[in-house]
Amino acid sequence: MIERRRILKFSAACLAAVAAPHGSGLSAPAGPQQAGEADEFGGTGVAAGGATGFFRVAKVGSRWLFVTPNGQAFFMTGVYAVIFSDENLVKRKYGDTATWAHYTARRLKSWSFNTLAEYYHRRLERERMPFVAIIKPSGNALTNRWGFGPRAIKDLISLTDAKVYRGWRGSRTPDVWDPAFEAYIDGWLRRHGDHGGIIDNPTKSPWLMGIATDDTDYLFGFGPGPEPRAARMHPHLGWIVLVANFEQKENERDKVSYEEPKVYSKYALRDFLKTRHQTIDELNAAWGSTYTAFDSAGGWGRGTGLLDENGHNRWAGQWRDDGEPLGMAPAVKSDLDAFLYQHAKRYFSVVTSKLRQYAPRHLVFGPAFLNGWGGLTREGILRAAGETVDVVQVAIRDQQALELTARAVGDKPLVTWEAFLANPDSSHFRYPNKVEKPQWPLVFGTQEDRGRGYARKLDFLVNATTVTGDRPVAGIKLWAYKDYMREKMNFGLVTLSENAYDGREAVAKPGKDPWGFPTGAEERDYGDFLSRVREANLKSVDVIRRELRGGH
């Protein structure tokens, strides 16, 4: 199992080991470098075991790190969504998208970023820069998009009574217990091809670090719970399943009809409770309920069976905005928490087993990302992720979030999701900074302050140490490459006109970048975010390098 998950632990003595020849079928990377020389993949110049020809993770002493195909320690500094907004603008500036991709990779490296995070432009796969791919079965399976599965998968949110679950209904979460969900993932990985490809050329590349299982935008309920309080919170999926209908024939929102009306998650909860309580009388005694059967006895919302539960019974609790229903007996909460773990484990097990079947050389990253909105994903979901994937992707707001996440996940590497805004000093100067309370994302008045904020956060993450003495953070991913017009947020390293926030390109006066491409022509002069970002990225690598060399 350890070898299968490509998670290796090395003692400090391994740092001096000579990289062994790789034996994989991947394109051969360069051989081991001299001490102190970074390899072609952006390693630290310090060995962390032998060369394998693909990326893996390793715990070196108390610190989790990536290891390059050549065997060097690697701390990830990545950028999400390296794409462009306007193809015509790109063609005017660069001539074509291939040239844009080549120089975009060079720009990122010049700012000391070393990884293309999820949602990169596919042309960038040719630019010899580590990248993380993503599949998104949880959203696409709901309509059986591209016909990869035998049928559409049901959305659990749509199965609840709007008078009972009164939270956000705009998101979806799949019935992961349906066998068709696993079949859809299998079909995606075998047949995806022109729709983004996973088992075509990318998995033959040593530059592919791994594959993320999903985006939590399509896994509603995997986001933050009530503790600590987040800007926005997701519902408890155990409770959602409890109050959901046990059958559905059509979904008007998704314009889908179902030949198989069974809701598998509801039946999975029924079977789980049968195992825990043996008889319906035992369940009633624990819950204070009055069910007459584990199955249906009269229909959803009308009958007296467990399957008929729709949330109107007092023991099921009443919805409240923080996602934890009010008024549940302790036994109900305990059972639903335990089922939540089983539900999450089902999701992670199904997706990761298929990824390991079709891409066995590469790491499995958890969905991008858990702990959203400055909060903390529920413990059962984090525990299931830690037991299943190779790299857990989370937001880490502060030391408390680090401790709670590491405790739930276990001894696993973490990669964080970060965002910083300075709308007043950006191409979005017309729009005030948007911030949710508790504060997320971090907001600033100038690009210089934004850069200082990034540097402080990266310094915290690189040095983040749990009470057990572990340093689980193996990398950071910044959202995103460019500013976003729809959200009107200054997420980007570059403006809407593809000018870098470096104090030279994103200005009113026209000019040229170091490669001769046009810059400037902005409405205003904007400040320098990237100088401090580059310094912070370089410092992070230096901290790791010195630590692995024993402080020298």
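Everything quoted here is computed from the prediction, not taken from an experiment.

K.L.:
Hey, could you run me through the overall build of the chain in this one?
P.N.:
Within the chain one finds 12 helices and 18 strands. In terms of overall dimensions, the chain is globule-like: its C-alpha atoms have a radius of gyration of 24 Å, near the 24 Å expected for 552 residues. Per-residue burial for the chain yields a buried fraction of 59% across its 552 residues. Just so you have it, the chain exposes about 21400 Å², and 50% of that area is on carbon and sulfur atoms.

K.L.:
I keep staring at the environment of Glu535 and nothing clicks. Help me out?
P.N.:
Among the secondary structure elements, Glu535 is positioned in helix α12 (residues 530-548). In this structure Glu535 comes out as exposed when scored by relative accessible area, which is 52%.

K.L.:
Help me out: how do you make sense of the packing of aromatic side chains in this one?
P.N.:
The relative placement of two aromatic rings is captured by the distance of their centres and the angle of their planes. Under the definition given, this model contains 35 aromatic pairs. Plain terms: the ring middles of Phe148 and Tyr184 are 5.8 Å apart, the flat faces sit at 45° to each other, and that makes the pair tilted. Of this pair, Phe148 sits in the loop between α3 (137-140) and α4 (179-191) while Tyr184 sits in helix α4, and the two are 36 residues apart along the sequence. Side by side, Phe148 and Tyr184 carry an identical accessibility label, which is buried. Seen in terms of ring centroids, Tyr291 and Trp315 are 5.4 Å apart; in terms of plane orientation they differ by 85°. Their pairing is edge-to-face. Here Trp315 lies in the loop between α7 (280-287) and α8 (330-358) and Tyr291 lies in the loop between α7 and α8, a separation of 24 residues in the sequence. When sorted by exposure, Tyr291 lands in the same class as Trp315, which is buried. The side chain of Lys154 reaches across the aromatic face of Tyr258, ending 4.6 Å from its centre.

K.L.:
Honestly, the side chain of Ser540 in this entry has me stumped. Any pointers?
P.N.:
Along the chain, Ser540 falls in helix α12. A polar contact is formed between the side chain of Ser540 and the backbone oxygen of Asn537, at a distance of 2.6 Å. Apart from the residues within four sequence positions on either side, Ser540 is in contact with Phe75, Thr77, Leu458 and Val462.

K.L.:
In this structure, what is going on with helix α1 (residues 87-94)? I would like to understand it.
P.N.:
Within an α-helix, residues lying three or four positions from one another point in the same direction, as the helix has 3.6 residues per turn. Those residues of α1 not exposed but buried are Leu89, Val90, Lys93 and Tyr94. An end-on view of α1 places all buried positions within 105° of arc, on one side of the element. If you follow the buried residues of α1, they end up packed against α2 (97-110) and β18 (518-519). Near the N-terminus of α1, the side chain that reaches the backbone nitrogen of Asn88, with its oxygen 2.9 Å away, is that of Asp86. Looking one or two residues past α1, Gly95 carries a phi angle of roughly 100°, positive in sign.

K.L.:
Explain the pairing of strand β2 (residues 56-60) to me, please; I cannot follow it from the model alone.
P.N.:
Looking down a regular strand, the side chains alternate between one sheet face and the other. Judged by how many residues are buried, β2 sits mostly within the fold: five of five residues are covered. Burial along β2 is two-sided: Arg56, Ala58 and Val60 facing one way and Val57 and Lys59 facing the other are all buried. Two strands pair when backbone bridges link them, and β2 and strand β3 (residues 63-67) are joined in this way by five bridges, in the antiparallel orientation. Within the sheet, the bridge partner assigned to Ala58 lies in β3 and is Leu65. Between β2 and β3, which pair antiparallel and follow one another directly, the connecting turn spans two residues, one of which, Gly61, has a positive phi of 65°.

K.L.:
Mind showing me how you'd approach the pattern of salt bridges here?
P.N.:
Where charged atoms from two side chains of opposite charge approach closely, those side chains can pair. Within this structure, the stated rule accounts for 31 salt bridges. Across the salt bridge formed by Lys59 and Asp411, the nearest N and O atoms sit 3.0 Å from each other. With Lys59 in strand β2 and Asp411 in the loop between α10 (399-409) and β13 (414-418), this residue pair connects regions lying 352 residues apart in the sequence. The residue Asp271 makes a salt bridge to Arg270 at a minimum N-O spacing of 2.8 Å. Classification of Asp271 as partly exposed rests on a relative accessible area of 36%. By sharing partners, the salt bridges in this structure join Lys345, Glu379, Arg383 and Glu387 into a single network.

K.L.:
What am I meant to see in the nonpolar core here?
P.N.:
Core analysis: the largest hydrophobic core is formed by 142 residues, its most contacted members being Phe66, Leu108, Trp239, Tyr454 and Leu493. No other element matches the 12 residues that α8 contributes to this core. Ignoring any residue separated from it by four or fewer positions in sequence, one finds Leu108 in contact with Val79, Val82, Phe113, Leu116, Met129, Tyr481 and Leu493. Counting residues in hydrophobic clusters, the runner-up holds 15 residues, among them Ala81, Trp417, Ala419 and Leu421.

K.L.:
Where do I start with the pairing of strand β8 (residues 208-212) in this structure?
P.N.:
For β8, the buried fraction is high: five of the five residues fall into the buried class. As paired elements, β8 and strand β11 (residues 363-365) share three bridges and run parallel to each other. In the sheet register, Ala212 faces β11, and the bridge partner there is Phe365.

K.L.:
In this structure, what is going on with the environment of Tyr258? I would like to understand it.
P.N.:
For Tyr258, the position within the fold is in the loop between β10 (256-257) and α6 (264-277). For Tyr258, the residues in contact, after removing those within four places along its chain, are Ala152, Ile153, Lys154, Gln248, Lys249, Glu250 and Asn251.

K.L.:
Is there a simple way to explain the confidence of the model for the chain in this structure?
P.N.:
Detailed reading of the predicted coordinates is not advisable wherever pLDDT is low. Scored by pLDDT, the chain comes out at a mean of 90, with 91% of its residues at no less than 70. Note on residues 1-35: pLDDT is under 50 here. Beyond four places in sequence and across chains, it has 85 contacts.

K.L.:
How should the environment of Thr292 be read in this particular structure?
P.N.:
Tracing the backbone shows Thr292 in the loop between α7 and α8. Taking the relative accessible area as the measure of exposure, Thr292 reaches 48% and is therefore partly exposed. Once you skip the residues sitting within four places of it in the chain, Thr292 turns out to touch Ile280, Ala297, Thr304 and Gly305. There is a polar contact of 2.7 Å between the side chain of Thr292 and the side chain of Thr304.

K.L.:
Sorry if this is basic, but what is going on with unusual backbone geometry here?
P.N.:
Residue Pro228 is reached from Glu227 by a cis peptide bond, and omega for that bond is -10°. Mapped onto the elements, Pro228 comes out in the loop between β8 and α5 (237-243). With an omega dihedral of 15°, the bond running from Trp479 to Ala480 counts as a cis peptide bond. Although it is not a glycine, Lys488 sits at a positive phi angle of roughly 55°.

K.L.:
Looking at this structure, I do not really get helix α11 (residues 447-463). What am I missing?
P.N.:
Counted at 1.5 Å a residue, the expected span for α11 with its 17 residues is 24 Å, and the 24 Å between its end C-alpha atoms agrees. Those residues of α11 hidden inside the fold are in contact with β3, β13, β14 (420-421), β16 (473-478) and α12.

Calculation criteria
Residues numbered from 1 in each chain as written. Predicted model: local features only at pLDDT ≥ 70, side-chain atom pairs only at ≥ 80, totals over all residues. Heavy atoms only, no water. Helix = DSSP H or I, 4+ residues; strand = E, 2+ residues; numbered from the N terminus. Rg over C-alpha atoms; globule rule 2.2 N^0.38 Å. Buried < 20%, exposed > 50% of the residue type's maximum accessible area, 1.4 Å probe, protein only. Areas by Shrake-Rupley, 256 points an atom, 1.4 Å probe, with all protein chains shown as cover. Phe/Tyr/Trp six-rings, centres within 6.5 Å; stacked < 30°, edge-to-face > 60°. Lys NZ or Arg CZ within 6 Å of the ring centre and 35° of its normal. Polar contact = N/O pair within 3.5 Å; in protein donor to acceptor, adjacent residues only side chain to side chain. Contact = heavy atoms within 4.5 Å. Arc of directions from axis to C-beta. Pairing = 2+ DSSP bridges. Salt bridge = Lys/Arg side-chain N within 4 Å of Asp/Glu carboxyl O. Core = buried A, V, L, I, M, F, W, Y, C linked by side-chain atoms within 4.5 Å. pLDDT = per-residue confidence, 0-100. Expected span 1.5 Å × (residues − 1).

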